[in-house]
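Here is how the chains run, residue by residue.
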Amino acid sequence: MKTIIEPFKIKSVEPIRMTTREEREGILAEAGYNLFLVRAEDVLIDFLTDSGTSSMSSEQWAAVMRGDESYAGARSFYRFDERVRSITGFPIVIPTHQGRAAEKILFHVLHRDGAIYIGNTHFDTTRANIEQLNDEAIDLPIPEALVPARMHPFKGNIDLEKLAATLARHGDRVRAVIMTVTNNSGGGQPVSMENLREAFRLARSHGALCVIDACRFAENAYFIQQREPGYERKSVLEIAREMFSLADASTMSAKKDGLANIGGFLTLRDEDLAAQARNLLILTEGFPTYGGMAGRDMEAIAQGLQEVLAEDYLRYRIRSVEYFSEKLQSGGVPMILPPGGHAIYLDAAAFLEHIPREQFPGQVLANELFLAGGIRGVEIGTVMFGKRDPESGRTRHPAMELVRLAIPRRVYTQSHVDFAAEVILEVHQRRTELRGLRMTYEAPFLRHFTARFEPHPA
Ligand code: F0G
């Protein structure tokens, strides 16, 4: 059979509220034309993020009931610890309340004056945690990653030549090489095993720690199985183990490939680093056998990590994102190609060629998808990453103007995706009618969360 079905049936449903365009116009104006400020109940299909938005399985809910909420040495911790060790092969597992907490602890422990980190592309929280310590984060994606329509099977790879040169230039100031799998900021694109191995070989030869940001490790492993010669016959679990075996540490947000609504962890091999990390953990997260999670959260993650590696699940997962992209491509909608593992990234600069980047084409497009069909995505462009030069008042733009439509795991069905595609195609047909925005308020940091806009007068 050619049709790939959702490998589950639905036991519990949550209604979504239908709204009219007129109602949504009022909602959006009230929210200052910023979808972060819209209430979730006013959204029909929420593609804001795939983080913490998964549907849990009946086995996960059963595991929740088994949660042992003891402060120290809870049974749930040992179940969680054993599952993480058996999948990753790391001997040391430090639980945290989510991914960024694992990052914060790792970068505090590694911090030295003038420390540098190099990665394929640091995710925002990773970069922010590094910069908060006055350390530096350098992104070295391959050149193909910055051209949305350029096809490449492993667009998440790091540029190895530039990595070697940067390591040689900065020597032992480079504390770690961080490979984010899949590369979220670059389009949810996978990293090949070959690239991971070579990047870490170079890192190690310069004394840098080899770190995997593992949020979407299962999706990345599935892409390796499908696309990298020599891995066709390996199971996704074997591939994931091989990926982790190359690294000295990993940080994980269990809100993605943990199929859980909250949680995370840091894994290590070095006892000395682990002792320092645990001391910080006790200070900021909690005792080392729960680290900011409830026992029931650790149970849900232990079960989720097993389910996420099921190959029929991953086949359905990756195929459903690809199906969405094919529908859009058939109408000529510009986007990052090939589609990534967890999201579609619309190329708003190409979609809305007539709107100058100073008028936020990504924000305009995201807002119109909400007005037209109640769909919520997120701008990843000048609103999120643009920096205003205080002297000239001019804005420095990031490499791309994107709108990410992230697909929550096991939440929406094929007809939700069909509907979303219909909305986007309809907006694409009348794209020249859309008009720019002007920013009326911005906070000094992470402005996209609270910025306010109004329609541009021109
Ligand atoms: N690393 C990557 C690659 C991520 O995508 C995220 C979160 C984190 C780290 C931080 O994890 O949220 O558990 O603290 N990404 C979410 C997103 C927020 O929407 O892509 P966290």
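Rules of the game
Residues numbered from 1 in each chain as written. Predicted model: local features only at pLDDT ≥ 70, side-chain atom pairs only at ≥ 80, totals over all residues. Heavy atoms only, no water. Helix = DSSP H or I, 4+ residues; strand = E, 2+ residues; numbered from the N terminus. Rg over C-alpha atoms; globule rule 2.2 N^0.38 Å. Buried < 20%, exposed > 50% of the residue type's maximum accessible area, 1.4 Å probe, protein only. Lys, Arg positive; Asp, Glu negative; His and termini not counted. Charge placed at Lys NZ, Arg CZ, Asp CG, Glu CD. Salt bridge = Lys/Arg side-chain N within 4 Å of Asp/Glu carboxyl O. Core = buried A, V, L, I, M, F, W, Y, C linked by side-chain atoms within 4.5 Å. Contact = heavy atoms within 4.5 Å. Phe/Tyr/Trp six-rings, centres within 6.5 Å; stacked < 30°, edge-to-face > 60°. Lys NZ or Arg CZ within 6 Å of the ring centre and 35° of its normal. Patch = residues over 30% accessible without salt bridge, like charges linked within 9 Å, V, L, I, M, F, W, Y side chains within 5 Å. Areas by Shrake-Rupley, 256 points an atom, 1.4 Å probe, with all protein chains shown as cover. Near = heavy atom within 4 Å. Polar contact = N/O pair within 3.5 Å; in protein donor to acceptor, adjacent residues only side chain to side chain. Axes fitted to C-alpha atoms, helices over the stretch in contact; angles between N-to-C directions. Nonpolar A, V, L, I, M, F, W, Y, C, P; charged D, E, K, R; others polar. Pairing = 2+ DSSP bridges.

A. Molecular detail of the overall build of the protein chain. Within the protein chain, the secondary structure is distributed over 16 helices and 16 strands. Relative to the 2.2 N^0.38 estimate, which gives 23 Å for 458 residues, the radius of gyration of the protein chain is 22 Å and therefore close to what a compact globule would have. The principal-axis extent of the C-alpha atoms belonging to the protein chain is close to 60 × 55 × 45 Å. Counting all 458 residues of the protein chain, 57% fall into the buried class. Looking at charge distribution, the protein chain has the averaged site of its 54 positive side-chain charges lying 1 Å from that of its 61 negative ones.

B. Local environment of the pattern of salt bridges. For the coordinates displayed, the defined rule picks out 28 salt bridges. One network of salt bridges, with partners in common, ties together Asp-50, Arg-216, Glu-219, Asp-257, Arg-317 and Arg-409.

C. Geometry of the nonpolar core. Phe-80, Ile-118, Leu-163, Phe-200, Ile-212, Phe-217 and Met-243 are the most contacted members of the largest nonpolar core, which has 59 residues in total. Those residues in contact with Met-243 that lie beyond four places of it in its chain are Val-181, Met-193, Leu-196, Ile-212, Phe-217, Asn-220, Ala-221 and Ile-224. By size, the runner-up hydrophobic cluster in this structure holds 46 residues, among which are Val-38, Leu-328, Leu-369 and Ile-407.

D. Broad picture of the packing of aromatic side chains. Inspection of the entire model under this criterion finds 14 aromatic pairs. Measuring from ring centre to ring centre gives 5.7 Å for Phe-47 and Tyr-412, while their planes differ by 85°; the resulting arrangement is edge-to-face. Taken together, the residues span a long stretch of sequence, with Phe-47 in the loop between β1 (45-46) and α2 (58-65) and Tyr-412 in the loop between β14 (402-406) and α16 (414-429) at a distance of 365 residues. With respect to class, Phe-47 is no different from Tyr-412; both count as buried. Among the aromatic residues, those joined into a ring-pair cluster are Phe-77, Tyr-78, Phe-80 and Phe-265. One residue, Arg-269, lies across the ring of Phe-90, its end atom 4.2 Å from the ring centre.

E. Layout of a nonpolar patch on the surface. A surface patch of nonpolar side chains, about 300 Å² in accessible area, is lined by Phe-8, Ile-10 and Val-13. Looking at the element boundaries, Phe-8 is found in the segment before α1 (21-30).

F. View of the site of the ligand. Taken together, 17 residues surround the ligand, and among them Thr-49, Arg-100, Asp-213, Ser-253 and Lys-256 come closest. At 2.7 Å, a side-chain N or O of Thr-49 approaches an oxygen atom of the ligand. Between Gln-98 and the ligand, the recorded distance is 2.9 Å, taken from a side-chain N or O atom to an oxygen atom. Relative to its unbound accessible area of 470 Å², the ligand is 93% covered by the protein chains.

G. Representation of the packing of α1 against helix α14 (residues 361-373) within the structure. For the pair α1 and α14, the least separation of the axes is 7 Å and the interaxial angle reads 145°. Contacts from Arg-21, Arg-24, Glu-25, Ile-27 and Leu-28 in α1 reach Asn-367, Glu-368, Phe-370, Leu-371, Ala-372 and Gly-373 in α14. The residue inventory of the contact of α1 with α14, partitioned by class, reads five nonpolar, two polar and four charged.

H. Expanded view of the sheet that holds strand β2 (residues 92-96). Reading across the sheet, the seven strands line up as β2-β8-β7-β6-β5-β3-β4 and stay open at both edges, with mixed pairing between neighbours. Of all the strands in the sheet, the pair left with one neighbour each is β2 and β4 (136-139). The sheet shows a mean angle of 20° between the axes of neighbouring strands, taken without regard to direction. In this sheet, strand β5 (residues 174-180) lies alongside strand β3 (residues 116-119) in parallel orientation, the contact comprising four bridges.

I. A look at the sheet that holds β14. The strand order β9-β14-β11 describes an open sheet built from three strands, whose pairing is antiparallel. Both edges of this open sheet fall to β9 (343-347) and β11 (378-380), since each of them pairs with a single strand only. Neighbouring strand axes in the sheet, compared pairwise and without regard to direction, differ in orientation by 30° on average. Inspection of the sheet shows β11 paired to β14 by three bridges, in the antiparallel sense. Across the sheet, the residue bridging to Val-378 is Arg-404, located in β14. Docked against the sheet, helix α12 (residues 311-330) engages β9 and β14, running at close to 25° with respect to β9. Across the face of the sheet, α14 comes into contact with β9, β11 and β14 while running at roughly 40° to β14.

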